[in-house]
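# Coordinate analysis (summary)
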Amino acid sequence: MNMSETLRFHGLRGTLRFDEPMARHTSWRAGGRATRFYQPADLEDLAGFLRQLPADEPVVFVGLGSNLLVRDGGLRGTVVLTHAAAKRPELLLGRVYAEAGVASPKVARFAARNDLAGAEFLAGVPGSVGGALAMNAGCYGGETWDIVERAVTIDRGGELHSREKSEFEISYRHCVIRQSGRLGQDEWFVAAYFKLAQGDGEASRTRIKQFLSRRIATQPLQLPNAGSVFRNPIADHAARLIEACGLKGLEHGGARVSEKHANFIVNPKGAAKAADIEWLIATVRARVLEQTGIDLQPEVRIVGEAA
């Protein structure tokens, strides 16, 4: 269906496209097309767009497209792209404020420049603030919600909600609104306020450099990937289990389990289909369960329809 023929939008200031290839907007560089794709100019523009969508329209918010796999059949609905390279964090009332589309490492660097400590680990989170909030992303001993004071969400009617941390149920790689639990279905993160301690900017920058050096040394950052594929089980590491089962280097189609870090699946030549990646996810999970009795839980969000 050509959605441009069935809906007319008014007063938009952002960029609206149809039949958009999602491989352009996911870090795996794979996946099908979105029926409708919108990059809002700002939060007010986003609100106006959401108000004009049908109430039953499937909507997916995307930032930098890490930890996201769009199946080859694409998304029959609307994708909202929150990321924009020009977006920057700012200081508001003693807090670091960042919209959902801001890349997480920018928050780490901004905090360091302002002599604020506690956000350094965000330099190792490859996605945007919105994704980090939604999955309580973390690394190197820190988690996003450790430093979030409150967040701003937007609902299907375009209404903004300022929500305190206490309104969310938060755990390892998990975050939902306590009242409804429908985060990501009819309410989405659009911004956050980070409460950070006074610190030493030079010391923070040194920590950030150490984290980045560690990432470069241990992760296949030169190849298209989506970050960690599976959550770490209690008192263990998914990468150790996958490697112990002899699955490093396992290939299917154009996708491969990384030889550098077993909890990464890479798309070395950019030729993998989403189905190749999904096959590897399912196969790795099944073989680890068979050999160890541990059922690895995917960290990656899989959306859309099979081709």
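This text goes with the structure placed above it.
Below: a short report on this structure. (Residues numbered from 1 in each chain as written. Predicted model: local features only at pLDDT ≥ 70, side-chain atom pairs only at ≥ 80, totals over all residues. Heavy atoms only, no water.)

## Focus: the pairing of strand β5 (residues 75-81)
Of all the 7 residues making up β5, 6 are buried; the element is thus mostly covered by neighbouring parts of the structure. Across 4 bridges, strand β2 (residues 33-39) lies against β5 in parallel orientation. In the sheet register, Phe 37 faces β5, and the bridge partner there is Val 79. Two strands pair when backbone bridges link them, and strand β3 (residues 59-62) and β5 are joined in this way by 4 bridges, in the parallel orientation. Paired with Val 62 across the strands is Leu 81, a residue of β5. (Buried < 20%, exposed > 50% of the residue type's maximum accessible area, 1.4 Å probe, protein only. Helix = DSSP H or I, 4+ residues; strand = E, 2+ residues; numbered from the N terminus. Pairing = 2+ DSSP bridges.)

## Regarding the state of the cysteines
The term disulfide refers to a covalent linkage connecting the sulfur atoms of a pair of cysteines. Throughout the structure, instances matching the rule amount to 0 disulfides. Cys 139 provides the cysteine sulfur closest to Cys 175, a residue in no disulfide bond, and the two sulfurs are 17 Å apart. Since its relative accessible area comes to 6%, Cys 175 is described here as buried. (Disulfide = S-S within 2.5 Å.)

## Comments concerning the sheet that holds strand β7 (residues 95-99)
With antiparallel pairing, 5 strands are arranged side by side in an open sheet as β6-β7-β15-β11-β12. Strands with a single pairing partner mark the edges of an open sheet, and in this sheet they are β6 (90-92) and β12 (160-164). Taken over all neighbouring pairs, the strand axes of this sheet differ in orientation by 35° on average, direction set aside. Two elements, β7 and strand β15 (residues 187-194), share 4 bridges in a ladder whose sense is antiparallel. Across the sheet, the residue bridging to Glu 99 is Ala 191, located in β15. Of the strands in this sheet, β7, β11 (148-155) and β15 touch helix α1 (residues 43-51), which is tilted by about 40° from β11. Together, β6, β7 and β15 form the strand contacts of helix α2 (residues 104-113), whose direction differs from that of β7 by roughly 155°. (Axes fitted to C-alpha atoms, helices over the stretch in contact; angles between N-to-C directions. Contact = heavy atoms within 4.5 Å.)

## A closer look at the nonpolar core
Judged by nonpolar contacts, the single largest core of 34 residues is most densely connected at Val 107, Leu 122, Val 129, Trp 145, Phe 189, Phe 194 and Leu 196. For this core, the secondary-structure elements that each account for two or more residues are β7, α2, α3 (129-135), β11, β14 (174-177), β15 and α4 (201-218). At 5 residues, the largest contribution of residues to this core is made by α2. (Core = buried A, V, L, I, M, F, W, Y, C linked by side-chain atoms within 4.5 Å.)

## What about the packing of aromatic side chains?
To describe a pair of aromatic rings, one takes the distance between the centres and the angle between the planes. Inspection of every chain in the model, using the stated rule, returns 8 aromatic pairs. Ring centres 5.0 Å apart and planes at 50° place the aromatic pair Tyr 97 and Tyr 193 in the tilted group. Of this pair, Tyr 97 sits in strand β7 while Tyr 193 sits in strand β15, placing them 96 residues apart in sequence. Each of the two residues, Tyr 97 as well as Tyr 193, counts as buried. Taking the centre distance of 4.9 Å and the plane angle of 45° together, the rings of Trp 145 and Phe 168 count as tilted. Separated by 23 residues along the polypeptide, Trp 145 in the loop between β10 (142-143) and β11 and Phe 168 in strand β13 (residues 168-171) bring together distant segments of the chain. Per residue, the accessibility class of Trp 145 equals that of Phe 168, and both read buried. (Phe/Tyr/Trp six-rings, centres within 6.5 Å; stacked < 30°, edge-to-face > 60°.)

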